[in-house]
Amino acid sequence: MEVKVPFVPVMRPKLPNADRLLPYLRRIDSGRLYSNFGPLTVELQNRLALHFGMPPDCVVCASCGTAALMAAILATAGPATRDRPYALVPAFTFAATAAAVELCGYRAYLADVDSDSWMLDPERVSHHRLLDRMGVVVPVAPFGRPVAQAPWRTFRKRSGVPVVIDAAASFDCIGSSPAQYFQEVPVVLSFHATKSFGTGEGGCVVSSEAAVVNRAAQALNFGFDTTRDSASASFNGKMSEYHAAIGLAELDGWTAKQQSILEVVQRYRRELSDKTLLSRFFAWPDISGCYALFFCRDQTESDDVQNELLRGGIDFRFWYGSGLHQQTYFSNRERDSLAVTEDIGGRLIGLPMAPDLDEEAIARVAAGLCKATVGPGLRRPRRGLSRSND
Ligand SMILES: *Cc1c(COP(=O)(O)O)cnc(C)c1O
């Protein structure tokens, strides 16, 4: 008899509920300021800086992570020039990285990532044949796995090419040692609902250089600094007070949210360790708590895992696909060999993750992985490949 089991979504974000927002919304009602770095946005920036152990003028909020990326690029590199038309981005990332550089006038140039770290290798980039045509380099923190500052600071100093780190999903990876990851090289975070710290839409730029943060704020606000003179390349990327309200409520509940994520991760680890699959499971704190990944041995195993999850009513996602060059709009961009991106892209499966993912769902995911990854000797012969006819 077939037992109906509930479908498990790959992601089920949980942001502060209406009750927790209400005190902040009432403040907006009485203050009558709805945007333009109003009191709630400034308070959120200050509290985020405190959370990161940084001075208050080191954080500026934006309407989304993509806007924060654009602002950080404009603040450090400015728009593209004829001499330096390219922006080097990893092919293994979410489309927003390339979209942001191109909206600043650059042509995205796609580079491959390192097979262990899944990110750009600063040493390799420093020898890139087109380095003197690059206006900016945007290393990405894959699935939030933080990007070290020191090698990129060195790269920046040696090459003179500005660097902006797309750490969109890194909020909860950086939290434990912010001094290591937040320094001069500007870092961009996203507060999209699907990231672990969410405001619906939102993001920020963080740098220990207050002048860079100030220029980013200017880029987010029509190039205005203290007057209404548009003095630099800009757009409207400001965070609204309503989104700041969600951010403040999200910070109020952050410790509890992180604890819930930790409990889900621990349960995953217990289930997978019983089934000896733990070494191929990636989760918080190595990567952000909004993701849980399973690394398949090869494409065949990946196909088997996908089929098993589908059969079990379990959703999964290849978050970065097999590289930006597979996305229609970026398919004709100049690029290096993308062998690593193509290889890991099809093997790194995003599993269901949510702060309140229940035990039953986790057990089902683990059972599905176990069934799909048994040794080749135990695998049922596939139809058409079977040597015998019985
Ligand atoms: C989420 C994400 C972004 C974009 O952030 P938004 O807030 O959605 O604009 C950029 N880069 C990476 C790597 C992301 O994961």
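Here, every reference points to the structure presented above.
A short tour of the structure in this document, coming up.

Calculation notes
- Residues numbered from 1 in each chain as written.
- Predicted model: local features only at pLDDT ≥ 70, side-chain atom pairs only at ≥ 80, totals over all residues.
- Heavy atoms only, no water.
- Helix = DSSP H or I, 4+ residues; strand = E, 2+ residues; numbered from the N terminus.
- Buried < 20%, exposed > 50% of the residue type's maximum accessible area, 1.4 Å probe, protein only.
- Contact = heavy atoms within 4.5 Å.
- Polar contact = N/O pair within 3.5 Å; in protein donor to acceptor, adjacent residues only side chain to side chain.
- Near = heavy atom within 4 Å.
- Areas by Shrake-Rupley, 256 points an atom, 1.4 Å probe, with all protein chains shown as cover.
- Axes fitted to C-alpha atoms, helices over the stretch in contact; angles between N-to-C directions.
- Left-handed = near helix turned anticlockwise from the far one by under 90°.
- Nonpolar A, V, L, I, M, F, W, Y, C, P; charged D, E, K, R; others polar.
- Pairing = 2+ DSSP bridges.
- Core = buried A, V, L, I, M, F, W, Y, C linked by side-chain atoms within 4.5 Å.

Notes on the environment of aspartate 114
Mapped onto the fold, aspartate 114 is located in the loop between strand E3 (107–111) and helix H5 (122–126). Judged by its relative accessible area of 28%, aspartate 114 is partly exposed. Separated by eleven residues in the primary sequence, aspartate 114 and leucine 103 have C-alpha atoms spaced 27 Å apart. The contacts of aspartate 114, once residues within four sequence positions are left out, are Met119 and Val340. A polar contact of 2.9 Å, which involves the side chain of aspartate 114, links it to the backbone nitrogen of serine 117.

Let's talk about the site of the ligand
By nearness alone, 14 residues border the ligand, and Gly65, Thr66, Asp166, Ser190 and Lys195 come closest of all. A distance of 2.8 Å separates a nitrogen atom of the ligand from a polar side-chain atom of aspartate 166. For the ligand, an oxygen atom lies 3.0 Å from a polar atom in the side chain of lysine 195. In the complex, 93% of the free accessible area of the ligand, which totals 380 Å², lies under the protein chains.

Topic: the packing of helix H11 (residues 254–274) against helix H14 (residues 359–372)
Running from amino to carboxyl end, H11 crosses H14 at an angle of 35°, the nearest separation of the two axes being 9 Å. Relative to H14, H11 is oriented so that their crossing is right-handed. Contacts from Val264, Arg267, Tyr268, Glu271 and Leu272 of H11 reach H14 at Glu359, Ile362, Ala363, Val365, Ala366 and Leu369. Of the residues assigned to the contact of H11 with H14, the class counts are eight nonpolar, no polar and three charged.

Quick notes on the sheet that holds strand E9 (residues 293–295)
Taken together, three strands build an open sheet; the order of strands is E8-E9-E10 and the sheet is antiparallel. The open sheet terminates on both sides in strands that have one partner only, identified here as strand E8 (281–282) and strand E10 (348–350). The pairing of E8 with E9 spans two bridges and is antiparallel. Bridge pairing links phenylalanine 282 to leucine 293 in E9. Most of the contacts of helix H12 (residues 299–311) go to E10, to which it runs at about 15°, and overall it touches E9 and E10.

Structural notes on the nonpolar core
By size, the foremost hydrophobic cluster in this structure holds 50 residues, and its most contacted members are Leu48, Phe52, Phe171, Leu189 and Phe191. The element that contributes the greatest number of residues to this core is helix H10 (residues 241–252), accounting for six residues. Among residues more than four places away in sequence, those in contact with phenylalanine 191 are Leu48, Cys61, Phe171, Phe197, Gly198, Thr199, Gly200, Glu201, Gly202, Gly203, Cys204 and Met239. Core analysis: the second largest hydrophobic core is formed by 36 residues, Met70, Ala87, Val188 and Phe235 among them.

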